[in-house]
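The chain contents come next:
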Amino acid sequence: MANSVYEINKGINRPLEFRGIRAQYILYLAVGLLALFILFAVMYIVGISVYICLILVGVSGFVLFSWVARLSAKYGEHGLLKAAGFRQVPPAIHCRTRRLFLTLAPIPDNSV
């Protein structure tokens, strides 16, 4: 059997990358695979056939890997967090009265 060598880190100050999946997406994939392992164990303990368990977990693992790879390619290292933050920004800020501006403290003049 031949030994496989996987290159994980590509250099200094570069994000962690493994088979095209970058940065925090590796953690998402690891958590998803752990959940699939627990799902397999629960289905096996309940008494579902091993072949059905393997097929369900295998298909779910393929869907998980392709979903995480697509997110990694689309958003990059920090893009998913930026997209989530952008969704939280309101489209406009409405101020219907002058009260807010009248109660603002004046900025002291330190030019002297």
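Above this text you will find the structure in question.
Residues numbered from 1 in each chain as written. Predicted model: local features only at pLDDT ≥ 70, side-chain atom pairs only at ≥ 80, totals over all residues. Heavy atoms only, no water.

### Regarding the overall build of the chain
A tally of regular secondary structure across the chain gives four helices and two strands. When the helices and strands of the chain are listed from N to C terminus, the series reads β-β-α-α-α-α. By the burial criterion, 15% of the 112 residues in the chain qualify as buried. Across the chain, every contact between residues at least 6 apart in sequence was considered, and the portion connecting residues at least 24 apart equals 53%. For the chain, the exposed surface amounts to about 9800 Å²; the carbon and sulfur share of it is 67%. (Helix = DSSP H or I, 4+ residues; strand = E, 2+ residues; numbered from the N terminus. Buried < 20%, exposed > 50% of the residue type's maximum accessible area, 1.4 Å probe, protein only. Contact = heavy atoms within 4.5 Å. Areas by Shrake-Rupley, 256 points an atom, 1.4 Å probe, with all protein chains shown as cover.)

### Structural notes on the packing of aromatic side chains
The way to describe two aromatic rings as a pair is by their centre distance and the angle between their planes. In total, this model carries two aromatic pairs according to the counting rule given. Judged by centre distance (5.8 Å) and plane angle (80°), the rings of Y25 and Y28 are edge-to-face. Taken as a pair, Y25 and Y28 lie in helix 1 (residues 24-46) at a separation of three residues, close to a single helical turn. Summarising the aromatic geometry, the rings of F40 and Y44 are spaced 6.3 Å apart at their centres and angled 15° between planes, so their arrangement reads as stacked. (Phe/Tyr/Trp six-rings, centres within 6.5 Å; stacked < 30°, edge-to-face > 60°.)

### Some points on the side chain of Q24
Along the chain, Q24 turns up in helix 1. Not counting residues within four places of it along the chain, the set of residues in contact with Q24 comprises E77, L80 and L81.

### What about the nonpolar core?
Counting eleven residues, the largest nonpolar core is built from I21, Y25, L29, L36, M43, C53, V57, L64, V68, L71 and L80. Counting only elements with at least two residues in this core, the list comes to helix 1 and helix 2 (50-75). Considering every element that reaches this core, the biggest residue donor is helix 2, with five residues. Excluding residues that lie within four positions of it along the chain, L29 makes contacts with I21, L64, F65 and V68. (Core = buried A, V, L, I, M, F, W, Y, C linked by side-chain atoms within 4.5 Å.)

### A look at a nonpolar patch on the surface
A contiguous nonpolar surface patch, about 760 Å² in accessible area, is contributed by L34, F37, I38, V42, V46, I48, I52 and L56. Elements that contribute at least two residues to the nonpolar patch include exactly helix 1 and helix 2. It is helix 1 that contributes the most residues to the nonpolar patch, five residues altogether. Residue V42 is classed as partly exposed on the basis of its relative accessible area of 46%. (Patch = residues over 30% accessible without salt bridge, like charges linked within 9 Å, V, L, I, M, F, W, Y side chains within 5 Å. Salt bridge = Lys/Arg side-chain N within 4 Å of Asp/Glu carboxyl O.)

So, to be careful, I would describe these as geometric facts and stop short of saying anything about function.
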